[in-house]
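So you can see what is in the structure, the chains are spelled out below.
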Amino acid sequence: MLKRWFWRAQISILCACPPLHGVVVRHGIGSNRSGKLWIVTLLRLALRAIPALFSYCRDKLKKRVVLPRVSVGITTRCTLNCDKCVGHIADLQTHEDFPLDVLLRDIKALLSHVDYIYAFNLSGGETFLHPELDQIIRFCAASNRIGTIDLSTNGTLIPNQATLSALRDAKATVRISRYAPALQPNVEQLKTILKENGIHYLHESGDYWYDTGDLGRLQEGSAKRRFSICAQRLCPTCYQGNLYLCSPSLVLTEKEGAGGSEDSIAVRAVSAAEFRRQWKELHKKHVITTCSYCQGFSYQTPRVPVAEQRERHAAD
Ligand code: SF4
Ligand code: SF4
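Residues numbered from 1 in each chain as written. Chains lettered and ligands numbered in written order. Predicted model: local features only at pLDDT ≥ 70, side-chain atom pairs only at ≥ 80, totals over all residues. Heavy atoms only, no water.

## Observations regarding the overall build of the chain
Phase 1: If you tally the helices and strands in the chain, you get ten helices and ten strands.
Phase 2: Taken over the C-alpha trace, the chain has a radius of gyration of 19 Å; the compact-globule value for 316 residues is 20 Å, and the two agree within 12%.
Phase 3: Based on the C-alpha atoms only, the size of the chain along its principal axes is roughly 45 × 45 × 40 Å.
Phase 4: With 316 residues in all, the chain has 52% of them scored as buried.
Phase 5: In the chain, of all internal contacts separated by at least 6 residues, the share reaching a separation of at least 24 is 76%.
Phase 6: Computed over 41 positive and 29 negative side-chain charges, the inter-centroid distance for the chain is 11 Å. (Helix = DSSP H or I, 4+ residues; strand = E, 2+ residues; numbered from the N terminus. Rg over C-alpha atoms; globule rule 2.2 N^0.38 Å. Buried < 20%, exposed > 50% of the residue type's maximum accessible area, 1.4 Å probe, protein only. Contact = heavy atoms within 4.5 Å. Lys, Arg positive; Asp, Glu negative; His and termini not counted. Charge placed at Lys NZ, Arg CZ, Asp CG, Glu CD.)

## With respect to the environment of Glu 132
Phase 1: Relative to the helices and strands, Glu 132 resides in the loop between strand E2 (116-123) and helix H5 (133-141).
Phase 2: Placed 31 residues apart in sequence, Glu 132 and Thr 163 show a C-alpha to C-alpha distance of 8.4 Å.

## Digging into the site of ligand 1
Phase 1: Near ligand 1 the following residues occur: Cys 78, Leu 80, Cys 82, Cys 85, Ile 89, Gly 125, Asn 154, Tyr 179 and Trp 209.
Phase 2: Partitioning the shell around ligand 1 into residue classes produces seven nonpolar, two polar and no charged. (Near = heavy atom within 4 Å. Nonpolar A, V, L, I, M, F, W, Y, C, P; charged D, E, K, R; others polar.)

## Examining the sheet that holds strand E7 (residues 237-239)
Phase 1: Sheet architecture is open: eight strands sit in the order E5-E4-E3-E2-E1-E7-E8-E9, paired in mixed fashion. Two strands lie at the open edges of the sheet, namely strand E5 (200-203) and strand E9 (264-266), each paired on one side alone. In this sheet, neighbouring strand axes are inclined to one another by 25° on average, regardless of whether the strands run parallel or antiparallel.
Phase 2: Inspection of the sheet shows strand E1 (residues 66-73) paired to E7 by two bridges, in the parallel sense. When the sheet's bridge partners are listed, Val 72 is paired in E7 with Cys 238. (Pairing = 2+ DSSP bridges. Axes fitted to C-alpha atoms, helices over the stretch in contact; angles between N-to-C directions.)

## Some words on the pairing of strand E3 (residues 146-153)
Phase 1: Alignment of E2 against E3, held across five bridges, turns out to be parallel. Within E3, the position partnered with Ala 119 by the bridge is Thr 148.
Phase 2: One crossover worth recording links E2 to the parallel E3 by way of H5, and it is right-handed.
Phase 3: Sheet analysis places E3 next to strand E4 (residues 173-176), joined by four bridges and oriented parallel. In the strand pairing of E4, Asp 150 is matched with Thr 173.
Phase 4: For the handedness criterion, the β-α-β arrangement of E3, helix H6 (residues 161-170) and E4 is classed as right-handed. (Right-handed = clockwise from strand over helix to strand, strands pointing away.)

## What to know about unusual backbone geometry
Negative phi is the rule for most residues except glycine; trans is the rule for most peptide bonds.
Phase 1: Here the residue pair Gly 124 and Gly 125 is connected by a cis peptide bond, since its omega of 15° sits within 30 degrees of zero.
Phase 2: Within the element layout of this structure, Gly 125 appears in the loop between E2 and H5.
Phase 3: Positive phi, close to 50°, is recorded for Gln 240, a residue that is not glycine.
Phase 4: Structurally, the position occupied by Gln 240 is in the loop between E7 and strand E8 (242-244).
Phase 5: Gln 240 gets classed as partly exposed once you look at its relative accessible area, which sits at 33%.

## Details of the domain arrangement of the chain
Phase 1: Each assigned domain of the chain is listed here: domain 1 (1-64) and domain 2 (65-304).
Phase 2: Computed from C-alpha atoms alone, the centre-to-centre distance between domain 1 and domain 2 is 19 Å.
Phase 3: In this complex, domain 1 contributes 23 residues to the contact, which on the side of domain 2 involves 34 residues.
Phase 4: The junction of domain 1 with domain 2 conceals about 2500 Å² of combined surface from both sides, 60% of it contributed by carbon and sulfur atoms.
Phase 5: If you look at where domain 1 meets domain 2, you find zero salt bridges.
Phase 6: The interface formed by domain 1 and domain 2 holds four residue pairs in polar contact (both at pLDDT 80 or more) in total.
Phase 7: Listed by contribution, the elements that provide at least two residues to the side of domain 1 that touches domain 2 are helix H1 (2-16), helix H2 (18-27) and helix H3 (35-61).
Phase 8: Classifying every residue of the side of domain 1 that touches domain 2 by side-chain character gives seven nonpolar, seven polar and nine charged. (Domains from an automatic or database assignment. Buried area = accessible area lost by both parts, 1.4 Å probe. Salt bridge = Lys/Arg side-chain N within 4 Å of Asp/Glu carboxyl O. Polar contact = N/O pair within 3.5 Å; in protein donor to acceptor, adjacent residues only side chain to side chain.)

Here you go:
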């Protein structure tokens, strides 16, 4: 009961206060699992809470449309083939880098609809595989509607010099997943190179993954309850011009064609006023269609080992 209350409270607070969520993302609170790291992170958070609350009051007074965090998928190619990948990369039939012009057009459209996004994440697949990653980072960094930029990587690749320069100039954070050393033989070299280039990084900790399920069948229990304690709904995801409340919602809608269109926003097609109306609607929901098929991300979700690999097919 206490655990449920705690989860619900922290998710509600972060949903209600976008600047605070931006601070949490920047300092990786969600990636710290040991007690000691939690204390350090909570202290850091406390120091930054006051400026975040000022930003919150300013946003409210000026009625600004602000998003705490948005993740934009830039590629579905990956160097790994994880069984329980939240983006279901291993289930895709084809893998591709999204074209630069399409990505920039979608990001531009999204930014034209909002006043501010506190934390902007570039995700994959493996983001360092995108050949024009440096240009994507520079485009985002040039916007005054983005607070901080972070980029997810599985730590298997060393980025090229153009990407390193863009990351440094953008003051971006590189979030390196922590997998078994055999899957990440270059990770220490990567960390050294990032450090030498003055690039902020987080080597995330994590002893387990959550298993959201295969999304192909109805789950038992209350979908509303899962939603109320689910950490994934803190990270809306923009994919192919649509903004979804969470990754499983994206996967169910895009890949299975079974999600609810009312649970996403067609960023390319709507006006700024319509986007704002739909975002308000989406943001105040107590459940979305996908929650009926998904096991969520909370203390109640079944845990699985990190990054277990599936065999690759010859076509991959
Ligand atoms: S490293 Fe694994 S979890 Fe990450 S995107 Fe690739 S397949 Fe998915
Ligand atoms: S669909 Fe799953 S991940 Fe998304 S909010 Fe519902 S329970 Fe959470």
